[in-house]
Amino acid sequence: MIDLLYKLYEIYSVDELLNFFEIHNISTYGYEIVSRDKHRKSLILKEKLRSNALRNAILMKQVQLQTYDLIRLINNSGIEYCVFKGIVMQSYYNQPHYRYMGDLDIWVQMHDMDRTLDIFKNVGYIVTHLEGQHKHAVLKKQNAVNIEVHFGLVEPWSIYQHKKINEEYWNQREEILIDGLKVVSLNLKTHYRYLILHLVAHMCFSGFGIKQLLDLVILVNSSRIDPMDFMDYFDSLGYGVFYRNIIAVCVEYLGMKLDYKLYFEVDFYVINDLLENIIRSGSFGNHSEELRLETTTHYRVNTWYKEKKLPLWWYSLFPCKDELGFRYSYAKKNIILLPIAWSHRFFRGFIKKNISLNGKMSYLTASCKQDNRDYLLKKLDLEIPNTTIGGSKSIV
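First, a word on scope: everything that follows refers to the structure included in this document.

What counts and what doesn't
- Residues numbered from 1 in each chain as written.
- Predicted model: local features only at pLDDT ≥ 70, side-chain atom pairs only at ≥ 80, totals over all residues.
- Heavy atoms only, no water.
- Helix = DSSP H or I, 4+ residues; strand = E, 2+ residues; numbered from the N terminus.
- Buried < 20%, exposed > 50% of the residue type's maximum accessible area, 1.4 Å probe, protein only.
- Expected span 1.5 Å × (residues − 1).
- Core = buried A, V, L, I, M, F, W, Y, C linked by side-chain atoms within 4.5 Å.
- Contact = heavy atoms within 4.5 Å.
- Axes fitted to C-alpha atoms, helices over the stretch in contact; angles between N-to-C directions.
- Parallel < 35°, antiparallel > 145°, perpendicular 65-115°, else oblique.
- Nonpolar A, V, L, I, M, F, W, Y, C, P; charged D, E, K, R; others polar.
- Pairing = 2+ DSSP bridges.

Description of unusual backbone geometry
Not every positive phi belongs to a glycine, and Lys-85 is a case in point at roughly 60°. Within the secondary structure, Lys-85 sits in the loop between strand E1 (81–84) and helix H5 (86–90). Given the relative accessible area of 15%, Lys-85 is considered buried. In this structure, Asn-143 takes a positive phi of about 60° despite not being glycine.

In structure tokens form, the structure reads like this:
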């Protein structure tokens with residue numbers, strides 16, 4: 001990762017670098033990296049990151065213990081499940097707290113949905129989001145780790161072969177031990193496949209950050225995974241170009257130990273554009289207002305808006321009832337109330353304090369800013385899936 005930092009040292013101030021670590025949720029990992037470097041900015045960052053790193057380390061320990069308690073509940077219930085990402089990936093780092101974890105991701109079968117939610121509700125959790133289309137539920141509890149319960153690892157709205165891959169991945173679960181606790185997860189190679197497919201989905205719909213790539217670096221550098229073993233698999237799904245560029249970014253900037261040039265070539269202009277997109281995205285792909293707008297616009301232009309006759313800005317200001325969020329459910333139930341919902345949405349958007357004035361104004365011109373994103377996705381051979389039309393491309 002030091003190669004990336006040296007690149008950022010040329011263009012970022014110390015305060016901007018601190019913000020970079022924060023929005024990518026890598027303050028603790030970053031502190032460990034700069035502590036071993038003698039660059040002037042590394043020495044300054046070491047002092048400034050120390051308190052953030054300590055705070056995050058304490059938080060991650062609390063989250064880890066809470067997560068263990070939740071897994072014990074599931075273990076005792078007899079429900080078949082699969083835990084993935086956060087708590088599992090933490091176990092591969094030299095120190096678990098180096099890897100930030102925001103929630104517990106758990107996959108169960110649809111017929112176990114009610115039982116699973118009841119287990120967590122019985123210990124004080126509240127279901128804040130339940131969406132059958134996206135096959136997941138979000139549960140929250142004050143001063144406790146959030147839970148995401150997934151009823152399909154690969155989403156039906158975004159992957160053409162979702163049934164086949166879900167069945168394949170479900171059958172490749174195995175029991176592992178984390179701090180002596182029995183945890184059912186994906187076997188490591190399948191987990192790696194999923195992490196890449198998850199990046200594909202985030203790239204197309206929202207973006208992803210440095211934290212997600214560091215998981216891949218850790219697995220490869222610990223000799224647990226050989227990236228070249230998966231080339232044929234991702235080529236068969238149509239993601240070979242994307243995969244090669246991800247590996248190149250990890251090698252060139254994040255310290256992955258692999259001489260990929262022995263196996264394939266990449267366009268350095270493309271991997272630099274990809275790196276810039278990743279840096280702008282932040283940990284969950286929604287840090288930049290401008291990037292969120294570009295992403296939303298790209299999605300709309302490349303799906304059902306293709307068939308619409310009015311300009312995109314019209315649909316952004318006056319969306320159809322099916323595109324309105326839950327806050328405007330009254331308009332979904334009674335179409336006569338749609339104009340009221342439009343006014344409500346417009347007024348709410350412009351008084352939101354967490355979006356800058358420039359961000360709000362950018363919403364009206366976002367359709368003019370998607371060209372760079374279109375170009376990058378085209379170079380990565382990615383496309384937004386049209387769920388009304390069958391095809392070979394698939395997004396998780």
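Picking up where we left off.
Quick word on helix H9 (residues 210–221)
With 12 residues, H9 ought to run about 16 Å at 1.5 Å a step, and its terminal C-alpha atoms sit 16 Å apart, in line with that. Of all 12 residues making up H9, 11 are buried, and the element is well covered by its neighbours. All buried positions along H9 are accounted for by Ile-210, Lys-211, Gln-212, Leu-213, Leu-214, Asp-215, Leu-216, Val-217, Ile-218, Leu-219 and Val-220.

What to know about the nonpolar core
Of all hydrophobic cores here, the largest spans 112 residues; its most connected members are Leu-213 and Leu-216. Setting aside residues no more than four positions away along its own chain, Leu-216 makes contact with Tyr-192, Leu-195, Ile-196, Leu-199, Ile-246, Cys-250 and Met-256.

Regarding the environment of Asp-112
Following the sequence through the fold, Asp-112 ends up in the loop between strand E2 (103–108) and helix H6 (113–121). Given a relative accessible area of 8%, Asp-112 falls into the buried group. Residues Asp-112 and Ile-79, 33 residues apart in the sequence, show an inter-C-alpha distance of 7.1 Å. If near-sequence neighbours (up to four positions away) are discounted, Asp-112 is found in contact with Ile-79 and Glu-80.

A word on the packing of helix H11 (residues 240–254) against helix H12 (residues 268–281)
Close contact between H11 and H12 brings their axes to 10 Å; oriented N to C, the two are set at 80°. Classed by the angle they form, the pair H11 and H12 counts as roughly perpendicular. Together, Asn-245, Ile-246, Ala-248, Val-249, Glu-252 and Tyr-253 of H11 and Phe-268, Val-270, Ile-271, Asn-272, Leu-274 and Leu-275 of H12 make up the contact between the two elements. Looking at the contact of H11 with H12 residue by residue, the classes come out as nine nonpolar, two polar and one charged.

Thoughts on the pairing of strand E4 (residues 136–140)
The buried count for E4 comes to four of five residues, which makes it a mostly enclosed element. Where E4 and strand E5 (residues 146–150) come together, four bridges link them in antiparallel fashion. Each residue of the ladder has a partner; that of Ala-137, found in E5, is Val-149.

Keep in mind these numbers describe shape, not what the thing actually does.
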